[in-house]
Amino acid sequence: MFNICRNPLFLLFLCFLFQPARAQKRISELTLVYDYAVTIEGGNKLEGVGNAYHTLYIKGNKSRSEMTNQLFSSTSIFDGNTGFGVILKEVSGQKLLIRMNPDNWTDRNRMYEGIHFTNTKETKIIAGYNCVKATGQTSAGATVTVFYTRELLPENKSYDPIFTTLEGLPLEYELTNGNVKISYRFSKMSLNPVPASKFDIPSGGYREMNYDESKKMNVGG
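Reading guide: rules and limits
Residues numbered from 1 in each chain as written. Predicted model: local features only at pLDDT ≥ 70, side-chain atom pairs only at ≥ 80, totals over all residues. Heavy atoms only, no water. Phe/Tyr/Trp six-rings, centres within 6.5 Å; stacked < 30°, edge-to-face > 60°. Helix = DSSP H or I, 4+ residues; strand = E, 2+ residues; numbered from the N terminus. Buried < 20%, exposed > 50% of the residue type's maximum accessible area, 1.4 Å probe, protein only. Salt bridge = Lys/Arg side-chain N within 4 Å of Asp/Glu carboxyl O.

**Some remarks on the packing of aromatic side chains**
Okay, step 1: Summed over all chains, the structure comprises seven aromatic pairs.
Okay, step 2: Note on Y34 and Y184: the rings are 6.1 Å apart at their centroids and 80° apart in plane angle, and the pair reads as edge-to-face. Pair noted here: Y34 is in strand β2 (residues 29-40) and Y184 is in strand β14 (residues 180-190), with a separation of 150 residues, a long-range link.
Okay, step 3: For the pair F78 and W105, a centre-to-centre distance of 4.6 Å together with 15° between the ring planes defines the contact as stacked. A residue pair is termed long-range when its members are at least 10 positions apart, and F78 in strand β6 (residues 72-79) and W105 in helix α2 (residues 102-108) qualify at 27 residues.
Okay, step 4: Looking at F78, the relative accessible area reads 9%, which means it is buried.
Okay, step 5: The exposure class assigned to W105 is buried, which follows from its relative accessible area of 11%.

See below:
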């Protein structure tokens, strides 16, 4: 009679066969770069939005999000410990710094509150990570389609107001609002420590304004 307990090769085979999937890794430091493009209905790209990148930095409860293209740059820096943040904008040579208290930050991102993501059966591998497709909708009716991996989970849940309820890291996603679609595609990623200087707020060189002033000028987005 065959005794599996005395057959080391068979036991090794069983261990391999029932090996669990890669365990979820909780991350506190991250640099993630996406290429992004803006298209309008019909598949036409928005003119002037070339060489466009979205770079995300996470260090503990602090986050920095940079959006750059040929027309403008916009950077948000948020401290999850205090709830305060700033927006840095450069448009047509004008440099603006918008300071936000916790209420301002909540108001700015209110449209993303309560997004519920529903997983689909569609999957793909991005940068070596297994990803599942999920969809959600904002309170304003915009659709969010995301491929995310459960293998990496940021400990900082406030790094991006769109994905506070997502149980993983988004490696590819699209935002569709009416006839406009913004697509973000994975470019590169690092889990190495992020320099603390990335979260320093400039002490000069910018025209400062508060959130209410920026809303009146329509530059607080």
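**So, the pattern of salt bridges**
Okay, step 1: Across all of its chains, the model carries ten salt bridges by this definition.
Okay, step 2: Taking the shortest distance from any N to any O, the salt bridge between D107 and K215 comes out at 3.4 Å. Of this pair, D107 sits in helix α2 while K215 sits in helix α3 (residues 211-216), and the two are 108 residues apart along the sequence.
Okay, step 3: Of the residues examined, K215 reaches a relative accessible area of 47% and is grouped as partly exposed.
Okay, step 4: Note that K124 is salt-bridged to E172, the shortest N-O span being 3.1 Å. Here K124 is found in strand β9 (residues 118-126), whereas its partner E172 is found in strand β13 (residues 169-177), with 48 residues between them in sequence.
Okay, step 5: You can call E172 buried: its relative accessible area is 14%.

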